[in-house]
2 protein chains.
Amino acid sequence: MLTRIILTEDEIPRQWYNLAADLPSPMQPPLGPDGNPISPDMLAPVFPMNLIEQEVSQERWIDIPEEVLEILYRWRPSPLHRATFLEKALNTPAKIYYKNESLSPAGSHKPNTAVPQAWYNKQFGIKKLTTETGAGQWGSALSFACSLMGLECKVFMVRISFDQKPFRKIMMETWGGNCVASPSNETQAGRDILAKYPDTPGSLGIAISEAIEAAVTDPTGQTRYSLGSVLNHVMLHQTIIGLEAKKQLKKIGEDKVDVVIGCAGGGSNFAGLSFPFVLDKINGAQMEIIPVEPTSCPTMTRAPFAYDHGDTAKMTPLLPMHSLGHDFVPPPIHAGGLRYHGMSPLVSQAIVEGLLTPRAIPQVECYDAAVKFARTEGIIIAPETSHAVAAAIQEANKAKEEGKEKVILFNLSGHGLMDLTGYDKFFAGELQNHALPEEEMAKSLEAIKDLPKPPLNKTGKW
Amino acid sequence: MLTRIILTEDEIPRQWYNLAADLPSPMQPPLGPDGNPISPDMLAPVFPMNLIEQEVSQERWIDIPEEVLEILYRWRPSPLHRATFLEKALNTPAKIYYKNESLSPAGSHKPNTAVPQAWYNKQFGIKKLTTETGAGQWGSALSFACSLMGLECKVFMVRISFDQKPFRKIMMETWGGNCVASPSNETQAGRDILAKYPDTPGSLGIAISEAIEAAVTDPTGQTRYSLGSVLNHVMLHQTIIGLEAKKQLKKIGEDKVDVVIGCAGGGSNFAGLSFPFVLDKINGAQMEIIPVEPTSCPTMTRAPFAYDHGDTAKMTPLLPMHSLGHDFVPPPIHAGGLRYHGMSPLVSQAIVEGLLTPRAIPQVECYDAAVKFARTEGIIIAPETSHAVAAAIQEANKAKEEGKEKVILFNLSGHGLMDLTGYDKFFAGELQNHALPEEEMAKSLEAIKDLPKPPLNKTGKW
């Protein structure tokens, strides 16, 4: 049986899909510190204008530049697999497909946007990119992309991860990236924090502040900042995943998908797979589209749709998104990529519009699913990805109960070879589930209670 | 430009190629402890009879079982890449192609033989496989294959690697493999060594002894031993690499290859890529075929073609091969897979027949090549693979000097994500070259001086 569906070079998508063009209600704009919408030129010190244009674009289809395609083609189109061994182990009538994004040189979907971001910056005359990284997936991907483009890359890595995951730093250095622990002495933001809390483990919020500061204060004006998730242009670049998947399913005569699943931290791998299917749903197709998050960081399933900052230090504009509050500190679960307090505005709005049905799954169930997956399908997945697999297994079991031959599709966003410690703890029985207590969430949400609120949409749902 | 050449499901090779059928002189048989050729049934306690039949087969083409193909198809055919970015960086007129074996779930070419070995054992009614592993690549691949086949897998891992590379053990466990440090208390061989040298770091030789003992002493008779390199049937299974590469080159009209390169420790990834090209050379094609080894373990470039044991404890039959002597202990270079004292009998005989031109390259040049490769082609390769890349760069530079548009093909045998420590040491300037001193080699070769010698071949070359 054909368990891997590939596309030839002629079949690679040549345009990205922009969901902003099709959402039932218009996107709410980002707001500045004064509460007024910010204009594109206010972002110019941070991002190059060609990416800002993509960020605010309402065009449905945006051409992928030929030079970007040539690099993406080095590992794309990624294969679509049918999980026949997992299906058999679950004894389910469902057909389970997964898109394998673990085969990129950086091991995840992240290079899908790192490459175009580096390319657009280079086109704009930029010589250096700065960014932050938590677990290290994004810092690795941007180092990889900058290396191919001949750009410098500076990565501020959250100190606790920097210390716990030394191999991620070596990866970045092998690609020529310069990775320092954050907070660092290289920025005012970093020095301020270190003066106050010399032993701080750091946070993504602090690292973002440092990366932005390092970009905007470069006197040459040839440095910009790069973000690996959350923003509209990042979601855009990732849609190549779902566009390929649709072609692959069509190729084997699979006309209808019943369930589409992706894990969601900032939202990019989920958006990448699902947005082309969300378009079908907007056009009337019946399907369930499920972004999955950890119960420890229930941004989509429990937090409000609100305006909030992207970082703890409140340096970013206010974005309309599901948010637990910019001070939120999630428990130290192993899926570091799913520990963000906010969620992509595009994903957030699609939730409010009723197009998505988010789900939260506890950590131990996710590792159980990951081990089952490794022992049937043979791929050791990232802790983030295990949330998608756990949801796919839930859906396959439901199909069995209902006796329905459903078609389930999920995104295998990355491999777990750099994150094996979590598996070790799982085998040792040392992993815990974390559900966010109600009072703790209420306290965290106080940080956003005085910020502007997004207006109700036309269905009155916000 | 097309930098990745893929094959569709119809184009996967359906037969393996057996070089033994075409070598100018017949292969010399393995010898037993009495110096007489061993018969296939003498190997029956160690290997299943269907694999023993492959080991001694003189058939040129051997069908790949349909069920094996179905599993291989989960990541095969592997892509053939054109290294355009590396070519540009080297400013060479040569065209450099590489076969990418790093995309298998275990990250190397090893599953190409782990899967059929597990399958043939299962067909023969075997329930459990034992093996040894040094750096961990092979133990991971066999754990992966056994997991898909529903077999138990027991891995004896050299203690020093077991302690230094804990992540490899977690990988194996995630696939359900049981990995213990060798020497262990689970075998007589292990207990004997521990009693004598309680602090021993272990060796591949000891681990092989333990794995064979664990297989042959299982009272149920349903356990066999599995080896990841050296033997004829292992080389056979790997030829799918070169057979695919030939189809891929043909597809883009590349009719003639000038140089074929692979790193060689036990010989399997090199044989896999090169043997189908060796056949062309036997039939008159002009090309250079280069197995590459470290200068620290110069099995092919300096050691004699002789009969020797595969393990330190002399439990294996005598094999006709290039060998530094079964007591040889190479320096602790990072390419753990290239630290074996012997070499595949098939590769060894092809050397003696003048079909191959082995080359030794020192460690620092290999890491320099690996970093150049990561920063141009974007893939972080295994330390073993870096030897192939270093030789490819040497050949590309030579083509530049000669002003010739040569076609160079090498095997990217595996990624280096589990071996980043070596890169770190390289960046810190802590890596050393090791050339084997003449007197040390002479001393090591004393171990084989009283063993039988292979007879001269018809050209009088041995």
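Residues numbered from 1 in each chain as written. Chains lettered and ligands numbered in written order. Predicted model: local features only at pLDDT ≥ 70, side-chain atom pairs only at ≥ 80, totals over all residues. Heavy atoms only, no water.

This next bit is on the interface of chain A and chain B. Each partner contributes residues to the interface: chain A has 47 residues there, and chain B has 47 residues. With both chains or domains summed, chain A and chain B bury close to 4,200 Å², and 60% of this area falls on carbon and sulfur atoms. The interface formed by chain A and chain B holds two salt bridges in total. When the shortest N-O distance is used, the salt bridge between Glu-377 of chain A and Arg-74 of chain B registers 2.8 Å. Looking at the side of chain A that touches chain B, the elements that each hand over two or more residues are helix 2 (66–72), strand 4 (80–82), helix 3 (84–90), helix 5 (137–149), helix 7 (166–174), helix 15 (363–376) and helix 17 (420–427) of chain A. Here the residues of the side of chain A that touches chain B sort into 26 nonpolar, eleven polar and ten charged. (Contact = heavy atoms within 4.5 Å. Buried area = accessible area lost by both parts, 1.4 Å probe. Salt bridge = Lys/Arg side-chain N within 4 Å of Asp/Glu carboxyl O. Helix = DSSP H or I, 4+ residues; strand = E, 2+ residues; numbered from the N terminus. Nonpolar A, V, L, I, M, F, W, Y, C, P; charged D, E, K, R; others polar.)

Expressed as a screw operation, the relation of chain A to chain B combines 0.0 Å of axial shift with a rotation of 180°, fitting to an RMSD of 0.0 Å. Considering both components of the superposition, the chain copies are consistent with a two-fold axis. Proximity to the rotation axis, assessed at the C-alpha, singles out Leu-103 of chain A in chain A; its C-alpha lies 3.2 Å from the axis. When the interface residues of chain A are mapped onto chain B, 100% of them again lie at the interface, so the same face is used by both copies. (Least-squares fit on C-alpha atoms with pLDDT ≥ 70 in both.)

A separate point is the pairing of strand 13 (residues 318–322) of chain B. Residues and elements named next belong to chain B. Across the five residues that make up strand 13, a large majority, five, are buried. Side chains of strand 13 alternate between two faces, with Leu-318, Pro-320 and His-322 and Leu-319 and Met-321 buried alike. With five bridges connecting them, strand 12 (residues 305–309) and strand 13 associate as antiparallel partners. Within strand 13, the position partnered with Asp-308 by the bridge is Leu-319. (Buried < 20%, exposed > 50% of the residue type's maximum accessible area, 1.4 Å probe, protein only. Pairing = 2+ DSSP bridges.)

All names here are of chain A. Overall, mixed pairing links the seven strands, which are arranged 1-4-5-15-10-11-14 in an open sheet. The sheet terminates laterally at strand 1 (4–5) and strand 14 (359–361), the two strands that pair on one side only. In this sheet, strand 15 (residues 407–412) lies alongside strand 10 (residues 259–263) in parallel orientation, the contact comprising three bridges. Bridge pairing links Val-259 to Ile-408 in strand 15. Strand contacts of helix 11 (residues 240–251): strand 1, strand 4, strand 5 (95–100) and strand 15, with the helix running at about 135° to strand 5, the strand carrying the most contacts. (Axes fitted to C-alpha atoms, helices over the stretch in contact; angles between N-to-C directions.)

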